[in-house]
Amino acid sequence: MLERLRLAAIAVAGALVFSAAGGTTAAAPRDGLAALSAGQQPAPSLFGINTGTYDTSEARLARDLPTAQRLGARWVHFTGDSVKYSHGHVSFALLDSEVDSARKLGLGVVISLGGIRGACSVLPAPADPVHCPPTSPHDLSVYAAYLRRLLLHFAGRVAYYESWVEPNHSSMWAGGVNPAQYATLLEAEYRVFQASGPQDKLMFAGVADFGIESGSPSGIAVLPYTEQVLDGLHGQTAFDLVALHGYRYPPSLSPDDLGWTHYPVAPVWRQDTWTAQLEAYEQEFTAHGYGQPRLWLTEFGWPGNSAPNGDYYPGLEAQATDVAQAYEALESPALSFVQAAFWFNQRDYEPGAPNPDPAFFAHYGLLYNDFAAKPAAAVFEHYAGSAPSSG
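None of the values given here were measured: they were computed from a predicted structure.

Reading the values: the criteria
Residues numbered from 1 in each chain as written. Predicted model: local features only at pLDDT ≥ 70, side-chain atom pairs only at ≥ 80, totals over all residues. Heavy atoms only, no water. Salt bridge = Lys/Arg side-chain N within 4 Å of Asp/Glu carboxyl O. Helix = DSSP H or I, 4+ residues; strand = E, 2+ residues; numbered from the N terminus. Buried < 20%, exposed > 50% of the residue type's maximum accessible area, 1.4 Å probe, protein only. Contact = heavy atoms within 4.5 Å. Pairing = 2+ DSSP bridges. Axes fitted to C-alpha atoms, helices over the stretch in contact; angles between N-to-C directions. Parallel < 35°, antiparallel > 145°, perpendicular 65-115°, else oblique. Left-handed = near helix turned anticlockwise from the far one by under 90°. Nonpolar A, V, L, I, M, F, W, Y, C, P; charged D, E, K, R; others polar. Phe/Tyr/Trp six-rings, centres within 6.5 Å; stacked < 30°, edge-to-face > 60°. Disulfide = S-S within 2.5 Å. Lys, Arg positive; Asp, Glu negative; His and termini not counted. Polar contact = N/O pair within 3.5 Å; in protein donor to acceptor, adjacent residues only side chain to side chain.

*Asks:* Looking at this structure, how should I read the pattern of salt bridges?
*Replies:* For the structure on display, the rule yields 8 salt bridges. Salt-bridge contacts for R347 lead to D55; the nearest nitrogen and oxygen are separated by 2.8 Å. Taken together, the positions of R347 in the loop between β12 (338-343) and α10 (375-386) and D55 in the loop between β1 (48-49) and α2 (58-62) put the pair 292 residues apart, joining distant regions of the chain. This pair shows no difference in class: R347 is buried, exactly as D55 is. Between R157 and D96 there is a salt bridge whose closest N-O contact spans 2.9 Å. Within this pair, whereas R157 is found in the loop between α5 (137-153) and β6 (160-162), its partner D96 is found in helix α4 (residues 93-104), the two being separated by 61 residues in sequence. The residues R157 and D96 share a single accessibility class, namely buried. Because the salt bridges share partners, they merge into one network encompassing D55, R60, D64, R347 and E350.

Structural data, given as structure tokens:
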């Protein structure tokens, strides 16, 4: 495992240096991504980045994808928040722009699905339809028609989709977390994929949070929730891959530290490393007859704060160490089932920008909001630059 002093050396030797003025001292990307055309997709990779951040500056947002490429990212991740409405109708204009920009840079794209206004089964409907699931037969039918349209629209440009974002959290599943409802939605989605996009891959939703207790106000912990969904599927094939949002709470827990995992049997609590938590999630699918599906960490990361302040605001050096430990784990034989991973987040949230997240989430960036680099950015670039270009 890398020592902290070596991390500091990586941070200053041969690293990308980002400034508020937008300059870098880096050479061209070393893995040839820029040579890829928009019609080619790189292999799944451990070096993806979430570029979405809360920022009111269109100029800064426009720099995110080129910056991700210069950092060494192979893939980026877009969400249902990019599906907008024009005159009451679904519009893919923003998502089109994002996808096309990424593909022109040679970056692979994964899209997380979400709800739409016309298929929201909760009354009164929440302000953000992305978090409102279709649960009635009528709304599931409307949603299936929307999904067919989306798959056809992005055919040839996007091939990987995450079924939903954190359906085990009450904030992301309007009307109250319900594993049986999600199992039904997943089956409906997979039928559309089989019929309209058989070349595309659907992921079991990116659930999150090993540490919460089942039945808590925030939702159901990862393993009990997954167990209930898989029980509801009764062994039926309803996904091609599995996703996970692999955060640790409190985020002062490094990948090598022991953190609480809530298991579905008994239920019992156990202290595990991050690697053991990922293995336990994979084992849920194996135990239910799905073999060892490939896992995509569509979100994972640790924050870094310029002013350390307790368990939820670790310092910059701690974040750099976390990046190194995470990639040492991901590249180990124990986690060979992890096919792709996306660091959250590329940049910190804009200070003061309205957002629904806990305050500490504003500091998960490898970069500050103005693109100035944290030490963690150089560590990410070091590992990405050392990896084979095929991922």
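Okay, back to it.
*Asks:* Would you mind going over helix α3 (residues 64-71) with me for this structure?
*Replies:* Because an α-helix completes one turn every 3.6 residues, residues spaced three or four positions apart along the sequence face the same direction. Counted residue by residue, α3 has 6 buried out of 8 residues, so it is predominantly covered. Regarding α3, the residues found buried are D64, L65, T67, A68, Q69 and L71. Contacts from the buried residues of α3 go to β1, α2, β2 (75-78), α4 and α10. Taken from the residues just after α3, G72 is the one with a positive phi, measuring 110°.

*Asks:* Sorry, what's going on with the pairing of strand β5 (residues 108-112) here?
*Replies:* Looking along a regular strand, one sees the side chains alternate between the two faces of the sheet. Of all the 5 residues making up β5, 5 are buried; the element is thus mostly covered by neighbouring parts of the structure. Burial of β5 is two-sided: the residues G108, V110 and S112 facing one way and the residues V109 and I111 facing the other way are all buried. As defined by bridge partners, β2 adjoins β5 across 4 bridges and the pair is classed as parallel. By the bridge assignment, H77 is partnered in β5 with V110.

*Asks:* What should I look at first to understand the packing of α5 against helix α6 (residues 179-196) in this one?
*Replies:* Packed helices, taken two at a time, are described by their axes: the angle between them and the distance between them. Across the interface, α5 lies against α6 with an axial gap of 10 Å and an inter-helix angle of 40°. Relative to α6, the element α5 is oriented oblique. Two packed elements cross with a definite hand, and for α5 against α6 that hand is right-handed. On the side of α5, the interface is formed by L140, Y143, A144, L147, R148, L151 and L152, while α6 contributes T184, L185, A188, E189, V192, F193 and S196. Across the contact of α5 with α6, the residue classes tally to 10 nonpolar, 2 polar and 2 charged.

*Asks:* Which parts of the structure should I look at to understand the packing of aromatic side chains?
*Replies:* Two numbers describe a pair of aromatic rings. These are the distance of the centres and the angle of the planes. Scanning the entire structure with this criterion turns up 40 aromatic pairs. Measuring from centroid to centroid gives 6.2 Å for F92 and Y146, while their planes differ by 40°, and the two rings are tilted. Residue F92 is found in the loop between β4 (89-91) and α4, and its partner Y146 is found in helix α5; the two are separated by 54 residues along the sequence. The exposure classification of F92 matches that of Y146, with both residues buried. Ring geometry for Y281 and F285: centres 5.2 Å apart, planes at 85°, overall edge-to-face. Taken together, the residues Y281 and F285, both in helix α8 (residues 274-287) and 4 residues apart, mark about one turn of the helix. The buried category is assigned to F285, whose relative accessible area is 0%. Three or more aromatic residues joined by ring pairs make a cluster, and in this case those are W164, W173, Y182, F204, Y225, F239, Y281, F285 and Y290.

*Asks:* Looking at this structure, I do not really get the state of the cysteines. What am I missing?
*Replies:* What we call a disulfide is simply a covalent bond connecting the sulfur atoms of a pair of cysteines. Considering all chains together, one arrives at 1 disulfide under this definition. Each sulfur in the disulfide pair C120 and C132 lies 1.9 Å from the other. Note on the C120 and C132 pair: the S-S dihedral is about 80°, so by sign convention the disulfide is right-handed. Within this pair, whereas C120 is found in the loop between β5 and α5, its partner C132 is found in the loop between β5 and α5, the two being separated by 12 residues in sequence. Accessibility assignment for this pair places C120 and C132 in one class, buried.

*Asks:* When you look at the side chain of E299 in this model, what are you seeing that I'm missing?
*Replies:* Relative to the helices and strands, E299 resides in strand β11 (residues 295-300). Among buried charged residues, E299 stands out as having no salt bridge; its nearest opposite-charge side chain is R248, 15 Å away. In this structure the side chain of E299 is engaged in a polar contact, spanning 2.5 Å, whose partner is the side chain of Y247. Excluding residues that lie within four positions of it along the chain, E299 makes contacts with N50, H77, E166, L244, H245, G246, Y247, F342 and F344.

*Asks:* Please explain the pairing of strand β9 (residues 259-263) as it appears in this structure.
*Replies:* Burial runs high along β9: 4 of the 5 residues are buried. Bridge count between β9 and strand β10 (residues 268-272): 5 bridges; the pairing is antiparallel. Within the sheet, the bridge partner assigned to Y263 lies in β10 and is V268. Once β9 ends, the chain turns through 4 residues before running back antiparallel as β10, passing A266 with a positive phi of about 100°.

Shape descriptors only; they carry no functional weight alone.
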